[in-house]
Amino acid sequence: MFVLHIALQGCLRARDVEYGITADTGGHIRYLLDLVRASGPNPAIDRIEIVTRAFVDHVHGECYDDCIETIDAQTRIVRLRSADCAYLAKEQLWTQHDSLVEALVSHISRLDRWPDVIHAHYADAGALAAAVHERLGIPYVFTAHSLGHVKRAAFAAPCRELDGLDRRIAIEDRAIAGATAIIASSRDEAELQYALYDAYDPGRIRIIAPGSDVGDFANALPNPAIDAAIDRFLTDPAKPALLAIARPVTKKNLAGLVEAYGRSPELQAAANLVIVAGTREDLRTLEPEVRDNLAELLILIDRYDLYGKVAYPKTHKPSDIPAVYAYARARRGVFVNPALNEPFGLTLLEAAACGLPVVATDSGGPNDIVETCGNGLLVDPRAPEAISEALLTILRDPARWDRYAAGGRTAVRTFDWNAHVAIYAELLAEVAAASVPSVPSTNTAPRQLLVSDIDGTLLGCGDALDAFREWHGDERALVFAVATGRSFHSAMSVLAQHHAPLPAIVISSVGSEIYHRRPGGVYARDTVWDAKVAAGWDREAIAHVIATEGGLTPQSPLEQRRAKLSYMIQGDPDAGARIRALLDSRGLTCTIIQSHGRYLDVLPFAASKGTAVEHVRQALGLAASQVIVAGDSGNDIEMLRSAPNAIIVGNHSDGLAERKDLSRCYVARGHHARGILEGVAHFRQRAKRA
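Because the structure is predicted, anything quoted here is derived from the model rather than measured.

Rules and cut-offs
- Residues numbered from 1 in each chain as written.
- Predicted model: local features only at pLDDT ≥ 70, side-chain atom pairs only at ≥ 80, totals over all residues.
- Heavy atoms only, no water.
- Pairing = 2+ DSSP bridges.
- Helix = DSSP H or I, 4+ residues; strand = E, 2+ residues; numbered from the N terminus.
- Contact = heavy atoms within 4.5 Å.
- Axes fitted to C-alpha atoms, helices over the stretch in contact; angles between N-to-C directions.
- Salt bridge = Lys/Arg side-chain N within 4 Å of Asp/Glu carboxyl O.
- Buried < 20%, exposed > 50% of the residue type's maximum accessible area, 1.4 Å probe, protein only.
- Parallel < 35°, antiparallel > 145°, perpendicular 65-115°, else oblique.
- Left-handed = near helix turned anticlockwise from the far one by under 90°.
- Nonpolar A, V, L, I, M, F, W, Y, C, P; charged D, E, K, R; others polar.
- Phe/Tyr/Trp six-rings, centres within 6.5 Å; stacked < 30°, edge-to-face > 60°.
- Lys NZ or Arg CZ within 6 Å of the ring centre and 35° of its normal.

S.K.: I tried to follow the sheet that holds strand β9 (residues 241–245) on my own but got confused; where do I start?
M.R.: Taken in spatial order, the six strands of this open sheet run β11-β10-β9-β12-β13-β14, and their pairing is parallel. Edge positions in the open sheet fall to β11 (310–311) and β14 (376–379), since each of these has one partner strand only. Bridging between β9 and strand β12 (residues 334–337) involves two bridges; their strand directions are parallel. Considered in β12, the bridge of Leu242 is made with Val334. Taken strand by strand, helix α14 (residues 366–373) contacts β13 (358–361) and β14, and its axis lies near 155° from that of β14.

S.K.: For this particular structure, what's the right way to read the pattern of salt bridges?
M.R.: Between side chains of opposite charge, pairing is possible as soon as their charged atoms come close. One pass over the full model with this rule turns up 48 salt bridges. With its nearest N and O atoms 2.1 Å apart, the salt bridge here joins Glu350 to Arg30. Of this pair, Glu350 sits in helix α13 (residues 346–354) while Arg30 sits in helix α1 (residues 27–39), and the two are 320 residues apart along the sequence. Note on Glu350: relative accessible area 1%, which makes it buried. A residue is classified by how much of its surface remains accessible, and Arg30, at 21% relative accessible area, is partly exposed. For Arg291, the salt bridge is made with Asp292, and the minimal N-O distance between the two is 3.6 Å. Exposure remark for Arg291: the relative accessible area of 30% places this residue in the partly exposed category. On the basis of relative accessible area, Asp292 is assigned to the partly exposed category, the value being 31%. What emerges from the salt-bridge pattern is a single network uniting Arg187, Glu191, Glu513, Arg525, Asp530, Glu559, Arg561 and Arg562.

S.K.: Is there a simple way to explain the packing of helix α3 (residues 123–136) against helix α5 (residues 165–178) in this structure?
M.R.: Two numbers describe a pair of packed helices, the interaxial angle and the distance between the axes. Contact geometry of α3 with α5 gives a least axis separation of 8 Å together with a crossing angle of 45°. On the basis of the axis angle, α3 is oblique to α5. Remark: the crossing between α3 and α5 carries left-handed chirality. Residue-level contacts link Ala123, Asp124, Gly126, Ala127, Ala130, Ala131, His133 and Glu134 of α3 to Arg168, Ile171, Glu172, Arg174, Ala175 and Gly178 of α5. Here the residues of the contact of α3 with α5 sort into six nonpolar, three polar and five charged.

S.K.: Even after reading the chapter, I still don't get the environment of Trp94, so can you show me in this structure?
M.R.: Turning to its location among the elements, Trp94 is positioned in the loop between β4 (75–80) and α2 (97–110). Distance in space between the C-alpha atoms of Trp94 and Arg168 is 8.4 Å, their sequence separation being 74 residues. Discounting residues that sit within four places of it in the chain, Trp94 has contacts with Asp124, Arg167 and Ile171.

S.K.: What am I meant to see in the pairing of strand β19 (residues 522–525) here?
M.R.: Here is the key point about a regular strand: its side chains alternate between the two faces of the sheet. Bridge count between strand β18 (residues 513–518) and β19: four bridges; the pairing is antiparallel. Note on β19: the bridge partner recorded for Arg517 is Tyr523. Taken together, β18 and the strand that follows it, β19, pair antiparallel across an intervening segment of three residues, in which Gly520 is found at a positive phi of about 95°.

S.K.: How do you make sense of the packing of helix α8 (residues 224–231) against helix α12 (residues 321–330) when you look at a structure like this?
M.R.: α12 packs onto α8 with a crossing angle of 65° between their chain directions and a minimal axis gap of 9 Å. One element, α8, and the other, α12, form an angle in the roughly perpendicular class. At the point where α8 passes α12, the crossing takes the right-handed sense. From α8, Ile226, Asp227, Ile230 and Asp231 reach across to α12, where they touch Ala323, Val324 and Tyr327. Its residues assigned to classes, the contact of α8 with α12 comprises five nonpolar, no polar and two charged.

S.K.: Sorry, what's going on with the packing of aromatic side chains here?
M.R.: Any two aromatic rings considered together are summarised by their centre-to-centre distance and by the angle between their planes. Evaluation of the coordinates by the stated rule reveals 11 aromatic pairs. Measuring from ring centre to ring centre gives 5.9 Å for Tyr31 and Trp417, while their planes differ by 50°; the resulting arrangement is tilted. Within this pair, whereas Tyr31 is found in helix α1, its partner Trp417 is found in helix α18 (residues 417–434), the two being separated by 386 residues in sequence. Owing to a relative accessible area of 5%, Tyr31 belongs among the buried residues under this scheme. Classification of Trp417 as buried rests on a relative accessible area of 3%. An aromatic cluster is built from Phe55, Tyr64 and Tyr87, whose rings are joined through pairwise contacts. The ring of Trp94 has Arg167 sitting right over it, with the charged end atom 3.9 Å from the ring centre. Sitting above the plane of the Trp401 ring, Arg332 keeps its charged end 4.1 Å from the centroid.

S.K.: How do you make sense of the environment of Tyr424 when you look at a structure like this?
M.R.: As for its placement among the helices and strands, Tyr424 is situated in helix α18. Residue classification places Tyr424 among the buried residues on the basis of a relative accessible area of 0%. Taking the C-alpha atoms as reference points, Tyr424 and Phe217, separated by 207 residues in sequence, lie 24 Å from one another. The contacts of Tyr424, once residues within four sequence positions are left out, are Val3, His5, Leu35, Ser39, Ile45, His119, Ile183 and Ile208.

Right, dumping it as structure tokens:
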């Protein structure tokens, strides 16, 4: 497979990238280069090109006008000339779209072999990919890296950073609309950020968390030269270090961190602040946004008289960064990411791998990282008091510091480039295959539907999942579906992380949403089911009653759906009955599902895993006897109760095996996926005897 990447922003070169030299030379370039490097060994990808924009700029370097930069035998950077030969910030790139499209079409036309798929990075690259798709028919996937709608929401008042944002948002909408698939880094991006766009289609979005070469950080050691470069700013360099590493641009909110530190005498007494904000020689030569942000940092340091407490070294090389983390770790410090929004947060993975606890923004990818690693706290980046309190919470509690530091080891195991590329290559292959005309399908008509819960049922034991995966590969007439309390994107993400078979159908959010797999590795939402569950559902009224009289704590915004409200119940076994009585007294009809002793979901009356399975069964034209379901907890009860062939896996909870209404279920001895296989064999054998 030949993959052509388009990335137009910043100063992109294969080696020694000067991150922070411009406002647009940041994490997306590192992501791209790491992705390309990791893609090389994958047997599905045999050729790679990175297409970027050529420019002449003696300040930034001569190499950016070189037409071809070879990375290795199968990979190269191609720089296309546009109408303007000068370096341009992303806000001006739209002026070059027409000439860049012509240059790219001409370049592809001259190649001995056309790309199988294009991967566009950022809005302007998406515009080029959409135009090339219309001209040449080459499919593309889109990674936004950062979205204009989110940037607009991050700023409370009009400012220079918002100039041209309407144009950017329109460009993004076009890129989203034309993409076969969209790659997101986190649930926040997939479920909240993209939802702001007219072209939003959740079934086309796949969460593939970026990898990170965190091995260097896990083994990082302090470097005396780096230590000295930081210590020279500090009166007491032995104190814990609060470390931030980010480009000095407004959305990274470094000024908000200095504000939080400056307002807290207790935090100043407890720790020093170390800010690594790109490389600079003379502030006067920097781009306006970078210059203005650095100037604001200096003004705040002066306003709060933080001299001797804040270090802000002028230069560093990428190879220095592991030692910078090691500096903070050796002093039992904390890594801080106060960005207004962070699409993913590679620096958080680096800090985690190095053994540094983190305090991070609650907007974006850090939600997923901290949930997975259990290595820190999330805060509202606009609340200085919340930032300082979170930092003090970790600094005051040595046991908590140790726990968060140990949790970072999960990053090394989980956020791996090889795992990322395996999922990525499968998606690209499906996208490429979907664009090639094929003969009519001769697939065997389905004879059986297997619907499994995910957490605790399909997942939970690696060996059992391996056995299930092998078994599933031989099942040609079986439709495999999952039914889960997770959202669609969360379900797809966790299945991909565990290399589980991709389901033909996803019943998500406790049965309130259904998605069907389509060619190209994407899913289509079942709008017929949406209409069914919407009948009689007054979401606003139910939410208001529970908020004012229910006494429940809502789960995070990511767990709230159009047809689902989710709460924590703190182990209260009577919460479901109490909320049911409360809503009944207000004439509000709904379904209430309580599970794992911790969660309570409120759904439309028509929605449950059980009713969703029945809807799917009818759509497939199968008899009830051809359906097998499997579950392990309370949110599976409706599904288990309504299906004639139901499996309760051996590791079940919520007393499922003792419930009288589930007495006809098969209770497996095997746990997790082995219990599913055991139950399927049981029901198939019983059908043969009948």
